[in-house]
Amino acid sequence: MADVLSVGVNLEAFSQAINAIQALRSSVSRVFDCLKDGMRNKETLEGREKAFIAQFQDNLHSVNRDLNELERLSNLVGKPSENHPLHNSGLLSLDPVQDKTPLYSQLLQAYKWSNKLQYHAGLASGLLNQQSLKRSANQMGVSAKRRPKAQPTTLVLPPQYVDDVISRIDRMFPEMSIHLSRPNGTSAMLLVTLGKVLKVIVVMRSLFIDRTIVKGFSENVYTEDGKLDIWSKSNYQVFQKVTDHATTALLHYQLPQMPDVVVRSFMTWLRSYIKLFQAPCQRCGKFLQDGLPPTWRDFRTLEAFHDTCRQ
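Residues numbered from 1 in each chain as written. Predicted model: local features only at pLDDT ≥ 70, side-chain atom pairs only at ≥ 80, totals over all residues. Heavy atoms only, no water.

Taking an unreviewed UniProt entry as the reference, the protein chain is identified by name as Mediator of RNA polymerase II transcription subunit 27 belonging to Phyllostomus discolor. In its Subcellular location (unreviewed entry) section, the UniProt entry covering the protein chain states "Nucleus". Listed in UniProt under the heading Sequence similarities (unreviewed entry), the comment for the protein chain reads: "Belongs to the Mediator complex subunit 27 family." (UniProt positions renumbered as here; feature names shortened; annotations may be inferred.)

(A) Structural view of the overall build of the protein chain. The helix and strand tally for the protein chain stands at seven helices and six strands. Going residue by residue from the N terminus, the α and β elements of the protein chain occur as α-α-α-α-α-β-β-β-β-α-α-β-β. Taken over 311 residues, the protein chain has a buried fraction of 30%. Counting only contacts in the protein chain whose residues sit at least 6 apart along the sequence, the fraction spanning at least 24 positions is 45%. Of the roughly 21,600 Å² that the protein chain leaves accessible, carbon and sulfur atoms contribute 55%. (Helix = DSSP H or I, 4+ residues; strand = E, 2+ residues; numbered from the N terminus. Buried < 20%, exposed > 50% of the residue type's maximum accessible area, 1.4 Å probe, protein only. Contact = heavy atoms within 4.5 Å. Areas by Shrake-Rupley, 256 points an atom, 1.4 Å probe, with all protein chains shown as cover.)

(B) Fine view of the pairing of strand β4 (residues 208-216). Counting buried residues in β4 gives seven out of nine residues, a clear majority hidden from the surface. Of the pairings in the sheet, the one linking strand β3 (residues 198-205) to β4 comprises eight bridges and is antiparallel in character. Its bridge partner lying in β4, Met 204 is registered against Ile 209. The hairpin turn running from β3 into β4, its antiparallel successor, is two residues long, and Ser 206 in that turn takes a positive phi close to 60°. (Pairing = 2+ DSSP bridges.)

(C) Spatial organisation of the sheet that holds β3. Ordered by their spatial adjacency, four strands build an open sheet running β1-β2-β3-β4, and the pairing between neighbours is antiparallel. Of all strands in the sheet, those bounded by a partner on one side alone are β1 (176-181) and β4. In this sheet, neighbouring strand axes are inclined to one another by 20° on average, regardless of whether the strands run parallel or antiparallel. In this structure, β1 lies alongside strand β2 (residues 189-194), joined through six bridges in antiparallel fashion. Residue Met 176 lies in a different strand from β2, and its bridge partner there is Leu 194. Contacts from helix α6 (residues 237-252) reach β3 and β4, with the element oriented near 165° to β4. Helix α7 (residues 259-271) contacts β1, β2, β3 and β4 of the sheet and is inclined by roughly 30° relative to β2. (Axes fitted to C-alpha atoms, helices over the stretch in contact; angles between N-to-C directions.)

(D) A look at helix α5 (residues 159-172). For α5, which comprises 14 residues, the first-to-last C-alpha distance of 20 Å matches the rise-based estimate of 20 Å (1.5 Å per residue) to within 8%. Inspection of α5 places Val 162, Val 165, Ile 166 and Ile 169 among the buried residues, and these make up the whole buried set. In an axial view of α5, the angular spread of the buried residues amounts to 95°, which keeps them on one side of the axis. Exposed and facing more than 90 degrees away from the buried side of α5 are Gln 160 and Arg 171. As for α5, its buried residues are in contact with β1, β2, β3 and α7. (Expected span 1.5 Å × (residues − 1). Arc of directions from axis to C-beta.)

(E) Spotlight on the pattern of salt bridges. All told, the structure shown has seven salt bridges when counted by the stated rule. With a closest N to O distance of 3.5 Å, Asp 210 and Arg 205 form a salt bridge. Owing to a relative accessible area of 44%, Asp 210 belongs among the partly exposed residues under this scheme. Accessibility expressed as a relative area gives 39% for Arg 205, which makes it partly exposed. Its salt-bridge partner being Arg 310, residue Asp 307 comes within 2.9 Å of it at the nearest N-O pair. Exposure remark for Arg 310: the relative accessible area of 35% places this residue in the partly exposed category. Several salt bridges share partner residues, and in doing so they unite Lys 241, Asp 307 and Arg 310 into one network. (Salt bridge = Lys/Arg side-chain N within 4 Å of Asp/Glu carboxyl O.)

(F) Here's a closer look at the nonpolar core. Counting residues in hydrophobic clusters, the biggest one holds 40 residues, and the most contacted among them are Val 192, Leu 198, Met 204, Phe 266, Met 267 and Trp 269. For this core, the elements supplying multiple residues, two or more each, are α5, β1, β2, β3, β4, α6 and α7. If near-sequence neighbours (up to four positions away) are discounted, Met 204 is found in contact with Ile 166, Ser 187, Ala 188, Leu 190, Ile 209, Asp 210 and Val 263. With nine residues, the next largest nonpolar core counts Leu 24, Val 31, Leu 70 and Val 77 among its residues. (Core = buried A, V, L, I, M, F, W, Y, C linked by side-chain atoms within 4.5 Å.)

(G) Broad picture of unusual backbone geometry. If you check the backbone angles, Ser 206 has positive phi at about 60° while not being a glycine. Along the chain, the position of Ser 206 falls in the loop between β3 and β4. According to the relative accessible area criterion, Ser 206 is buried, its value standing at 13%. The backbone phi angle of Asp 290 is positive, close to 60°, even though this residue is not glycine.

Structure (structure tokens):
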């Protein structure tokens, strides 16, 4: 038996274990070859069965013998020592009760984790520097950090000011009537009636529009208790489409510093639906497509398009 090296591995037993692994693989291969070949080389059925069973048992005994030999050698191989020099921390590995206080092994694990973290952080830093935003904190400089933040004063507006803005918009469009109510405190709710085409429920927070529901002119817009129904959708697909487009328009018309301009622009866009069933599509020239009129209105030109023709 060779001497055990300082690394803690018996090299002779290690070499024998490799040979035992090769022998185990050969014996397992013979088992599968026996199963593949099956019963043959005998004239009678009984003779073939006896020969197959005897050969199969011999192969299994060989596998069991080689496996036991490999287990015996694995106990003699040993394992490498974890005594990696980390300055004076290597003295922790000399603790005789390391299984109870495995400080050194935990320190090694933390050291490896720290190296991995540093490596991945370097990769992430390189990627972020390649795709840095123009408004990042590094590029804005110290002067931008010292700049005081603007207070969102437009979020809280007096109800009288909101009423004046809505009344001015109501006078701008004769074919559009706007009824304002406040069923829940200061938040305003608008019922916009556009000719005899449609009705729109607009839920507002101060002068900011939160939600719109478009329904047909003949549809009921109130609940059983007489309040505006802000949850039910229209029963007609054409007005459901217009509701989706109105939600898109709310995302398009955004100017927090001038909310009255946003409301006026949205109402101007909404007024373009006065000829919902009369205006043809500006691209295909048809009035109906898949049974629906042009439900899309361009945000700048207010021209009518089918939902598929605007692409």
